[in-house]
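An overview of the molecular structure
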Amino acid sequence: MENPLKLKRIHHVEFWVGNARQAAYYYRKGFGFSQVAYSGLETGQREQTSYALIQGKANIVLTTPMNASHPAADHIKKHGDGVRDIALEVEDADKAFADAVKRGAKPAMEPHDETDSHGTIRRAAVHTYGDTIHSLISYKDYKGPFLPGFAHSHIAGDDCGILRIDHIVGNVELGKMQHWADYYTNVFGFHRYITFDDKDISTEYSALMSIVMSDDSHSVKFPINEPAQARKKSQIEEYIDAYKGAGVQHIALQTKDVIHTVGKLQSNGLDFLRVPNAYYDELPSRVGSIDESIPALQKLGVLVDRDQEGYLLQIFSKPVEDRPTVFFEIIQRKGSRGFGKGNFKALFTAIEQEQALRGNL
Ligand code: FE2
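Everything in this summary refers to the structure shown in the same document. (Residues numbered from 1 in each chain as written. Predicted model: local features only at pLDDT ≥ 70, side-chain atom pairs only at ≥ 80, totals over all residues. Heavy atoms only, no water.)

Glancing now at the overall build of the chain. Regarding its fold elements, the chain presents 9 helices and 17 strands. A compact globule built from 361 residues should have a C-alpha radius of gyration of about 21 Å, and the chain, at 20 Å, falls within 12% of that. Referenced to the eigenvectors of the C-alpha coordinate spread, the extents of the chain come out at roughly 60 × 40 × 40 Å. The buried share among the 361 residues of the chain stands at 56%. Counted over contacts in the chain with a minimum sequence separation of 6, partners at least 24 positions apart contribute 68%. Entry remark: accessible area of the chain is about 15100 Å², with carbon and sulfur atoms responsible for 50%. (Helix = DSSP H or I, 4+ residues; strand = E, 2+ residues; numbered from the N terminus. Rg over C-alpha atoms; globule rule 2.2 N^0.38 Å. Buried < 20%, exposed > 50% of the residue type's maximum accessible area, 1.4 Å probe, protein only. Contact = heavy atoms within 4.5 Å. Areas by Shrake-Rupley, 256 points an atom, 1.4 Å probe, with all protein chains shown as cover.)

See below:
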């Protein structure tokens, strides 16, 4: 098994946002994350304020700058709220950083200790697409609530059954997909897991291409999308126009009961994409027998796809900012390790309808 950087897991995803306090409320009340730790003025941190939230094994951090000279201020000015860091836990941050740079990654942060009364971690970072980075974190003796600098600050969320991050998708500029797929191969030792071309993912108007990059254990999967030429503007182009560059398009959160999870998220007020009802008329002949009731799936708008290994159930949120940028997917896997190829057409038609409403098609 090739794992040159001794990658263990996605440690957390950090968003840089305009108002972290309000964003934390949204992810607690909307998605059911629990707040576990806080870093800000009261903990001696004067430059930025951060909230760490957890549900299952999915960790997110929401950070806002406290002054205009903080790099997050420029990031927010350019991109709006968005993902800054897909932080990875590695065995040894110094070694992982040195190897990543040797293998072609651009350094973002030199290895250093981060310490508080709970202990120490080592941290470094490398750049990936756009202004996004991968922090590389390894533990020395840290035993605190989240990471050094964070104080315990617990506010329980109403858990919605989210288990872990399934995959994180990046949108990159036209012609750059292969470059970033090669980056994950060369730097992280990832392999090409699946490729989707514009014949798989096209509608009458717009198209995209995608390569799913995965580590050998298939626990970390980073699909990379680029727009494809078509009659009208690709959803990937709309994202890049709105985000002002490449960045994280969606974070897929895994659940073991999609009907329970999506039911809760919808009653919490989160908005999801809807496909036409005709989708459900064709569903039994397309996917065969499934455990879930089709009317229950239809009521929520959950999509189903089957491959040789089994099936999956998935649904996509609308963007969670005013700019049409980052959104979430909720996915339940029942044997399938795919990405819902059979749903692309219905889904992208639904996305185009939203794009048209925004005046961006
Ligand atoms: Fe996805």
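After that view, the rundown keeps rolling.
Attention now goes to the environment of A24. With respect to the helices, strands and loops of the structure, A24 is situated in helix α1 (residues 20-29). A C-alpha to C-alpha distance of 32 Å links A24 and L208, two positions 184 residues apart in sequence.

With respect to topology, 8 strands assemble into an open sheet ordered β11-β12-β13-β10-β14-β17-β16-β15, the strand pairing being mixed. The sheet is open, and its two edges are formed by β11 (191-196) and β15 (303-307), each paired on a single side. The sheet shows a mean angle of 25 degrees between the axes of neighbouring strands, taken without regard to direction. In this sheet, strand β13 (residues 221-228) lies alongside strand β12 (residues 207-214) in antiparallel orientation, the contact comprising 8 bridges. When the sheet's bridge partners are listed, S214 is paired in β13 with K221. Contacts between helix α6 (residues 258-267) and the sheet are confined to β10 (162-171), β14 (247-255), β16 (310-316) and β17 (327-334), with β17 contributing the most and set at about 160 degrees to the helix. (Pairing = 2+ DSSP bridges. Axes fitted to C-alpha atoms, helices over the stretch in contact; angles between N-to-C directions.)

Moving on to the coordination of the iron ion. Taken together, H167 (NE2), H250 (NE2) and E329 (OE) make up the protein donors of the iron ion, found 2.0 to 2.1 Å from the metal. Donor residues for the iron ion sit on one chain with the sequence pattern H-x82-H-x78-E. Linking H250 in strand β14 with E329 in strand β17, this pair joins segments that are 79 residues apart in sequence. A residue is classified by how much of its surface remains accessible, and H250, at 8% relative accessible area, is buried. (Donors = N, O, S within 2.8 Å, 3.2 Å for Na, K, Ca; no water.)

Turning our eyes to something else, we now look at the nonpolar core. Core analysis: the biggest nonpolar cluster contains 95 residues, and F15, Y27, I251 and L253 have the highest contact counts within it. Counting residues per element, this core draws most heavily on helix α4 (residues 177-188), which supplies 7 residues. Structurally, this core is a two-domain feature, drawing no fewer than three residues from each of domain 1 (7-155) and domain 2 (162-358). Excluding its chain neighbours within four sequence positions, the residues that come into contact with I251 are V13, F15, V83, I165, H167, I168, F327, F328 and E329. If you look at the next biggest cluster of nonpolar residues, it comprises 11 residues, including A37, V61, A87 and I137. (Core = buried A, V, L, I, M, F, W, Y, C linked by side-chain atoms within 4.5 Å. Domains from an automatic or database assignment.)

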